[in-house]
Amino acid sequence: MQALRRSVLPLAIVSSLAYLILAAHAFNQQFFDLDHQAHALVQSAQHPYLQALMRALSDAATGWVLVPLSIALYVYLRHRSHHAVKLIPWMIVGAYAFFTLSKWIVARPRPRMSPYGFPSAHTFGAVVFFGGVIYLLWTIEMRPVWRWTGTVLLVLLILGVAASRLYLRAHWLSDVAGGFAGGTAYLLFFLVAAEPSLRLSRGA
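Residues numbered from 1 in each chain as written. Predicted model: local features only at pLDDT ≥ 70, side-chain atom pairs only at ≥ 80, totals over all residues. Heavy atoms only, no water.

### Observations regarding the pattern of salt bridges
Link 1 in the chain: Evaluation of the coordinates by the stated rule reveals one salt bridge.
Link 2 in the chain: Between Arg108 and Asp175 there is a salt bridge; the shortest N-O distance is 2.6 Å. One end of the pair, Arg108, is in the loop between α5 (87-106) and α6 (121-137); the other, Asp175, is in helix α8 (residues 173-194), and 67 residues separate them in sequence.
Link 3 in the chain: Among the residues examined, Arg108 registers a relative accessible area of 1% and is labelled buried.
Link 4 in the chain: Judged by its relative accessible area of 0%, Asp175 is buried. (Salt bridge = Lys/Arg side-chain N within 4 Å of Asp/Glu carboxyl O. Helix = DSSP H or I, 4+ residues; strand = E, 2+ residues; numbered from the N terminus. Buried < 20%, exposed > 50% of the residue type's maximum accessible area, 1.4 Å probe, protein only.)

### Let's talk about the side chain of Thr62
Link 1 in the chain: Relative to the elements of secondary structure, Thr62 occurs in the loop between α3 (48-59) and α4 (63-79).
Link 2 in the chain: Classification of Thr62 as buried rests on a relative accessible area of 16%.
Link 3 in the chain: A distance of 2.8 Å separates the side chain of Thr62 from the backbone oxygen of Asp59, its partner in a polar contact. (Polar contact = N/O pair within 3.5 Å; in protein donor to acceptor, adjacent residues only side chain to side chain.)

### Brief notes about helix α7 (residues 144-167)
Link 1 in the chain: Between its terminal C-alpha atoms α7 stretches 34 Å, which fits the 34 Å expected from 24 residues at 1.5 Å a residue.
Link 2 in the chain: Within α7, the full set of buried residues consists of Arg147, Gly150, Thr151, Leu154, Ile158, Gly160, Val161, Ala162, Ser164, Arg165, Leu166 and Tyr167.
Link 3 in the chain: Structurally, α7 contributes buried residues whose contacts are with α2 (33-44), α3, α6 and α8.
Link 4 in the chain: The first or second residue beyond α7 is Arg169, which carries a positive phi of 55 degrees. (Expected span 1.5 Å × (residues − 1). Contact = heavy atoms within 4.5 Å.)

### Digging into a nonpolar patch on the surface
Link 1 in the chain: A grouping of Leu9, Ile13, Leu17, Leu20 and Phe189 is seen on the molecular surface, where their side chains present a nonpolar patch of about 450 Å² in accessible area.
Link 2 in the chain: For the nonpolar patch, the element with the most residues is helix α1 (residues 2-27), which contributes four residues.
Link 3 in the chain: On the secondary structure map, Leu9 appears in helix α1.
Link 4 in the chain: With a relative accessible area of 39%, Leu9 lands in the partly exposed category. (Patch = residues over 30% accessible without salt bridge, like charges linked within 9 Å, V, L, I, M, F, W, Y side chains within 5 Å. Areas by Shrake-Rupley, 256 points an atom, 1.4 Å probe, with all protein chains shown as cover.)

### Looking at the environment of Leu69
Link 1 in the chain: As for its placement among the helices and strands, Leu69 is situated in helix α4.
Link 2 in the chain: Residue classification places Leu69 among the partly exposed positions, given a relative accessible area of 36%.
Link 3 in the chain: When near neighbours in sequence (up to four residues on either side) are disregarded, Leu69 contacts Phe129 and Phe130.

The following block contains the structure:
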């Protein structure tokens, strides 16, 4: 646990710096070579069977799914009298405000030229919500096999959501990377601010 406390804040800072660098490039309407390479790869990999899977993964990180899941998680944690129950509404509202403001400021078009591409809100939301659930898995008493199984499945779900946004040509690769970096930074800073157990004492 001590190693976790020492790594959370540095990781949050690194994620923030990565997000700011990506946001600056996006604000200046700049693209990385990998953006165009990933876009070309996606265009060459289109398949009817993959289309349905990718749409399902993308839908898993929409507000229509995450809001009901947030309510269900709130009810579950309240029933268990978990100390984190009070954090959920603030975390969700704050995340929405953060990526909405970022999209408005950066205003970079998507691959299909629709507006507000950076960052990928689906990726950002998946990292914040499902990443938050992963954190909760490690604070609730359960068998290690279920804890690890849940963690692996949720990580795969986050990666699947990110891949779906590229496959559906809804975002550039740097938009998705921005969603990862921004979502990680937001979640970790939020947890550090809200969870005293994650703050290092001066004598640590």
